[in-house]
Amino acid sequence: MTGTRRFVVVREFQVVAGREEDFEEVFKPGGIWLGFLQGSPGYLTSELVRFASERGRYEVFDYWQLHEEFESCRQERQPEIERFKLLFLDGLVQRETLLGNFYEEGPDESGLVLS
């Protein structure tokens, strides 16, 4: 048995002080960002991580089946993505940084991660 693979895109956000709750509304489970990407071929889910040690610092993990599906969505929906940023992130985000993207091995049916 082999584990599952998925493609992960990780971005870091520094949020404007006092706007953390607004930012979390956009990226929370079932939030606007998840709804925006849902239905895109190969999109699996997104995860928001807040750093307790640094106010206003977050990481967003977007999970895709394949790198090619992520790239296809990014290219085809670029104008929509730019509009999304203007509508929902303008005034919330001081800085956005792409930390990286990679394939991640997931657990197989037994729950073990195989390498």
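Described below are features of the structure shown in this document. (Residues numbered from 1 in each chain as written. Predicted model: local features only at pLDDT ≥ 70, side-chain atom pairs only at ≥ 80, totals over all residues. Heavy atoms only, no water.)

A short note on the overall build of the protein chain
- The number of helices and strands found in the protein chain is four helices and four strands.
- Relative to its 115 residues, the protein chain shows a buried fraction of 37%.
- A fraction of 71% describes how many contacts in the protein chain between residues 6 or more apart in sequence connect residues 24 or more apart.
- A total of about 7100 Å² of accessible surface is found on the protein chain, and carbon and sulfur atoms cover 51% of it. (Helix = DSSP H or I, 4+ residues; strand = E, 2+ residues; numbered from the N terminus. Buried < 20%, exposed > 50% of the residue type's maximum accessible area, 1.4 Å probe, protein only. Contact = heavy atoms within 4.5 Å. Areas by Shrake-Rupley, 256 points an atom, 1.4 Å probe, with all protein chains shown as cover.)

Looking at the packing of aromatic side chains
- If you walk through the whole model with that rule in mind, you get 14 aromatic pairs.
- With a centroid separation of 5.2 Å and 55° between ring planes, the pair formed by phenylalanine 13 and phenylalanine 23 is classed as tilted. With a gap of ten residues between them, phenylalanine 13 in strand β1 (residues 5-15) and phenylalanine 23 in helix α1 (residues 20-27) connect regions that are remote in the sequence.
- Overall, the relative accessible area of 0% leaves phenylalanine 13 in the buried class.
- Ring geometry for phenylalanine 27 and tryptophan 33: centres 5.8 Å apart, planes at 50°, overall tilted. (Phe/Tyr/Trp six-rings, centres within 6.5 Å; stacked < 30°, edge-to-face > 60°.)

Topic: the pattern of salt bridges
- Scanning the model with the defined rule gives 15 salt bridges in all.
- A salt bridge links glutamate 12 to arginine 95; the shortest N-O distance between them is 3.6 Å. Residue glutamate 12 is located in strand β1, and its partner arginine 95 is located in strand β4 (residues 93-105); the two are separated by 83 residues in the primary sequence.
- Its relative accessible area of 11% is what places glutamate 12 among the buried residues.
- We note a salt bridge from arginine 19 to aspartate 22, for which the minimum N-O separation is 2.8 Å.
- Residue aspartate 22 is classed as partly exposed on the basis of its relative accessible area, which comes to 37%.
- Salt bridges sharing common partners tie together Glu12, Glu54, Arg57, Glu59 and Arg95. (Salt bridge = Lys/Arg side-chain N within 4 Å of Asp/Glu carboxyl O.)

As for the sheet that holds β4
- Read across the open sheet, the four strands follow the order β2-β3-β1-β4; overall the sheet is antiparallel. Taken across any chain shown, the strands that pair with only one partner, and hence form the sheet edges, are β2 (43-50) and β4. Recorded for the sheet is a direction-independent mean angle of 20° between the axes of neighbouring strands.
- Pairing geometry for β1 and strand β3 (residues 57-64), over eight bridges, is antiparallel. Note that in β3 the partner of phenylalanine 7 across the bridge is tryptophan 64. (Pairing = 2+ DSSP bridges. Axes fitted to C-alpha atoms, helices over the stretch in contact; angles between N-to-C directions.)

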